[in-house]
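What follows is the residue order along each chain.
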Amino acid sequence: MESRHRARQSLGDTFMTDRPWNVELDAIEKLFDALTEVAFFVKDRDGRYVAVNNTLARRCGLRSKTDILGKTVMDVHPRPLAAAYEEQDRQVIQGGATIHKHLELHLYPNRRRGWCLTHKTPLRNEQGEIVGLVGTSQDLGLVDEQHPVYRQVARIAERIRENFHLQLNLNELAREEGLSLARVERLFQKVFHYSPRQLLLQSRLEGALALIEAHPGRSIADIARECGYTDHSAFSRQFKAMTGYTPSQFRNGSRPAPVAFSPVSCAVHAA
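Residues numbered from 1 in each chain as written. Predicted model: local features only at pLDDT ≥ 70, side-chain atom pairs only at ≥ 80, totals over all residues. Heavy atoms only, no water.

Where an unreviewed UniProt entry is consulted, the chain appears under the name PAS domain-containing protein, with the organism given as Pseudoduganella guangdongensis.

## A closer look at the overall build of the chain
Each helix and strand in the chain was counted, giving 14 helices and six strands. Residue pairs at least 24 apart in sequence account for 55% of intrachain contacts in the chain once pairs closer than 6 positions are excluded. About 13,100 Å² of surface is accessible on the chain, with carbon and sulfur atoms providing 50% of the total. (Helix = DSSP H or I, 4+ residues; strand = E, 2+ residues; numbered from the N terminus. Contact = heavy atoms within 4.5 Å. Areas by Shrake-Rupley, 256 points an atom, 1.4 Å probe, with all protein chains shown as cover.)

## Considerations on the packing of aromatic side chains
Summed over the entire model, instances satisfying the criterion amount to five aromatic pairs. These aromatic residues form a ring-pair network of at least three members: W115, F188 and F192. Between K43 and the ring centre of F41, over which it is positioned, the NZ or CZ distance is 5.1 Å. (Phe/Tyr/Trp six-rings, centres within 6.5 Å; stacked < 30°, edge-to-face > 60°. Lys NZ or Arg CZ within 6 Å of the ring centre and 35° of its normal.)

## Some details on the pattern of salt bridges
For the coordinates displayed, the defined rule picks out 13 salt bridges. As a salt-bridge pair, E176 and R159 come within 2.5 Å of each other at their nearest N and O atoms. Of this pair, E176 sits in helix α8 (residues 170-176) while R159 sits in helix α7 (residues 150-162), and the two are 17 residues apart along the sequence. By relative accessible area, which is 51% here, E176 ends up exposed. (Salt bridge = Lys/Arg side-chain N within 4 Å of Asp/Glu carboxyl O. Buried < 20%, exposed > 50% of the residue type's maximum accessible area, 1.4 Å probe, protein only.)

## Here we look at the packing of α7 against helix α9 (residues 181-192)
One can describe the packing of α7 onto α9 by two numbers: an axis separation of 10 Å at closest approach and a directional angle of 95°. Classified by the interaxial angle, the pair formed by α7 and α9 is roughly perpendicular. The residues of α9 that touch α7, namely those facing Y150, V153, A154, I156 and A157, are V184, L187, F188, V191 and F192. (Axes fitted to C-alpha atoms, helices over the stretch in contact; angles between N-to-C directions. Parallel < 35°, antiparallel > 145°, perpendicular 65-115°, else oblique.)

## Some points on the nonpolar core
Among the nonpolar cores identified, the biggest contains 42 residues, and L103, W115, F188, F192, F235 and F239 are the most heavily contacted of them. Among the elements of the structure, β3 (97-107), β4 (113-124), α7, α8, α9, α10 (196-214), α11 (220-226) and α12 (232-243) are those that each provide at least two residues to this core. For this core, the element with the highest residue contribution is α10, accounting for eight residues. Both domains that furnish three or more residues to this core are identified here as domain 1 (35-139) and domain 2 (148-252). In contact with F239, other than residues within four places in its own chain, are L205, L209, I212, G244, Y245, T246, P247 and F250. Grouped together as the second largest cluster of nonpolar side chains are 17 residues, A39, F41, Y49 and I130 included. (Core = buried A, V, L, I, M, F, W, Y, C linked by side-chain atoms within 4.5 Å. Domains from an automatic or database assignment.)

## Describing the environment of G178
With respect to the helices and strands, G178 occurs in the loop between α8 and α9. Taking C-alpha positions, G178 is 8.6 Å from Q152, a pair spaced 26 residues apart along the chain.

## Details of the side chain of D44
With respect to the element layout, D44 can be found in strand β1 (residues 38-44). Engagement of the side chain of D44 in a polar contact is seen with the side chain of R48, the distance being 2.9 Å. (Polar contact = N/O pair within 3.5 Å; in protein donor to acceptor, adjacent residues only side chain to side chain.)

## Thoughts on the confidence of the model for the chain
Per-residue pLDDT for the chain has a mean of 80; in total, 80% of the residues score no lower than 70. Confidence drops under pLDDT 50 across residues 9-20; counting only partners more than four residues distant or on other chains, this segment forms 24 contacts. Counting interchain partners and residues more than four positions distant, the pLDDT-below-50 stretch residues 255-271 has 50 contacts. (pLDDT = per-residue confidence, 0-100.)

## Quick word on the packing of α10 against α12
One can describe the packing of α10 onto α12 by two numbers: an axis separation of 11 Å at closest approach and a directional angle of 90°. By the angle class used here, α10 and α12 are roughly perpendicular. Where α10 abuts α12, its residues L201, L205, A208, L209 and I212 lie against F235, Q238, F239, M242 and T243. Classifying every residue of the contact of α10 with α12 by side-chain character gives eight nonpolar, two polar and no charged. (Nonpolar A, V, L, I, M, F, W, Y, C, P; charged D, E, K, R; others polar.)

## Topic: α10
Across its 19 residues, α10 extends 27 Å between first and last C-alpha, which sits within 8% of the 27 Å expected from 1.5 Å per residue. With respect to burial, α10 is a largely interior element, 14 of its 19 residues being buried. (Expected span 1.5 Å × (residues − 1).)

## Quick word on the side chain of E177
One can find E177 in the loop between α8 and α9. By relative accessible area, E177 is classed as buried at 15%. Those residues in contact with E177, other than ones at most four positions away along the chain, are Q152, R155 and I156.

See the structure below:
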């Protein structure tokens, strides 16, 4: 306990000064330690772990929670996954985003890839300034044994994530795996708590966010086309439904706050 307190105290004094964080975090950690399928974490403004539960330590292949404190995602996760997690943290801490029900891949302790639903929200001090973030990541399970067609459904999910920029036909993806679209949709909801269309929408909008930030000189219409949209107005509606601002506002920095990053909330606007 003493070593953990020293680690936290060295991490971001701003994060700690406004209220008795150490006492509160210890109590919250104990609650989340009882949840074996939910990873819990708190990070400071620099993305360093301030508090975690045992599930996150196991997910990272570490023996103790203290092995994570003070480190960033780049220190404890494989680099391709860590880069995506770091970008999420940046959106939350710098942009005030709230990420809700975000379907993504992670590694289990046996180094097999698995799926999880991630939630992240900013932590603010008494002055309303963002001083870090708090989040959870729910394991969706090593479900090969529970769902005999899991591998087929997982392949469809990965193809959607990798080929979102193409004009994907979900019926064809299902048929190539020997399944009907109706069954794929039921299995997606059962396994991922998500629909295939929601995953496609999430992937396209994530791709658009990355391109807008990486290429500020490119037109919004070109970026929409590259991400698989044939209707520019539909893209703008979905982008605003997900982020709370238009693509142009996002690029120019004139952004209302806060952002609610949730493809589920804007799925009804899908073209």
